[in-house]
Structures are given as C-alpha cells and as structure tokens.
Amino acid sequence: MSQEIVELAQIRLAPGKTETDLLAASEEFQAAFLNGQDGFKGRDLVRRRDGTYVDIIRWQSQAQADAVFQRAQSSEAAGQYFSVMQFDPDNMEEGVEHCPLLRSHGATVG
C-alpha cells in the first residue's frame, strides 16, 4: 500500500500580480486541471504572515503526484496558475516539497 503524500508548494507572486489574480488562477487550475486527476485528494491555499502563500495538496501516493506534475507541464490551466507566480522556469520544483503523511486528525464532537 502506498503512503499518502502532502505537497507543500511555496508561492511568491510575480511582479504586478495580486492575491486576486492568484485566487482566480487557482480556481481555474482546480476546475480545469486538478479535479479528476488520478490520486488527487484535496487542496488548501494559505497566506503566510510574510505575504507569501503555500499551496497544500494531498495525493494518494508520490507516484501519482509525480505523474500529475508531468501532465501539468502541458496544461493551459496550470500554465495560467504558474504565470502569477515568481519562480525559476528552469527549476519549477524549487520551493516544492513532498512529505509523507504520518497521521491526520479531524475535529471530534465532544
């Protein structure tokens, strides 16, 4: 059985881009690309105190996360999303970390 993976992608906005641009591109990326991808379990986009962002994506396995990353390279919706970010196009994995999920807890009714 494969281990669930949490992807942590650090995001800095590209010059001239706003949080509104990021949110709009994120919604399109979700609807047009991520929904229905094999192994996709969920996603959260958070703003850090320093004004940067983290996209937190849950995958059923590392192999599925890797396969979707490869498909994203030719996705128009992914390209739109990436266009609001500042990053090195020769090193798109910079700032992306895949972590094995050890345990998850939800709220309990007490």
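Residues numbered from 1 in each chain as written. Predicted model: local features only at pLDDT ≥ 70, side-chain atom pairs only at ≥ 80, totals over all residues. Heavy atoms only, no water.

### Let's talk about the nonpolar core
Counting residues in hydrophobic clusters, the biggest one holds 20 residues, and the most contacted among them are Phe33, Leu34, Trp59 and Tyr81. Counting residues per element, the ones that place at least two in this core are β1 (5-11), α1 (19-34), β3 (53-59), α2 (62-72) and α3 (76-83). The element contributing the most residues to this core is α1, with five residues. Not counting residues within four places of it along the chain, the set of residues in contact with Phe33 comprises Glu28, Val68, Arg71, Ala72, Ser75 and Ala77. (Core = buried A, V, L, I, M, F, W, Y, C linked by side-chain atoms within 4.5 Å. Buried < 20%, exposed > 50% of the residue type's maximum accessible area, 1.4 Å probe, protein only. Helix = DSSP H or I, 4+ residues; strand = E, 2+ residues; numbered from the N terminus. Contact = heavy atoms within 4.5 Å.)

### Re the pattern of salt bridges
Taken as a whole and assessed by the stated rule, the structure comprises four salt bridges. The closest approach of N and O atoms between Glu4 and Lys41, which form a salt bridge, is 3.0 Å. Of the two residues, Glu4 sits in the segment before β1 while Lys41 sits in strand β2 (residues 40-47), which places them 37 residues apart along the sequence. A salt bridge links Glu19 to Arg47; the nearest nitrogen and oxygen atoms lie 2.7 Å apart. Of this pair, Glu19 sits in helix α1 while Arg47 is found in strand β2, placing the two residues 28 residues apart along the sequence. Take Glu19: its relative accessible area is 27%, and that puts it in the partly exposed class. The exposure class assigned to Arg47 is exposed, which follows from its relative accessible area of 55%. (Salt bridge = Lys/Arg side-chain N within 4 Å of Asp/Glu carboxyl O.)

### Examining the packing of aromatic side chains
A complete count under the given rule lists six aromatic pairs for this structure. Aromatic side chains Phe29 and Tyr81 sit 4.7 Å apart centroid to centroid with 15° between the ring planes, which places their arrangement in the stacked category. Separated by 52 residues along the polypeptide, Phe29 in helix α1 and Tyr81 in helix α3 bring together distant segments of the chain. Of the two residues examined, Phe29 and Tyr81, each falls in the buried class. Measuring from centroid to centroid gives 6.3 Å for Tyr81 and Phe82, while their planes differ by 35°, and the two rings are tilted. (Phe/Tyr/Trp six-rings, centres within 6.5 Å; stacked < 30°, edge-to-face > 60°.)

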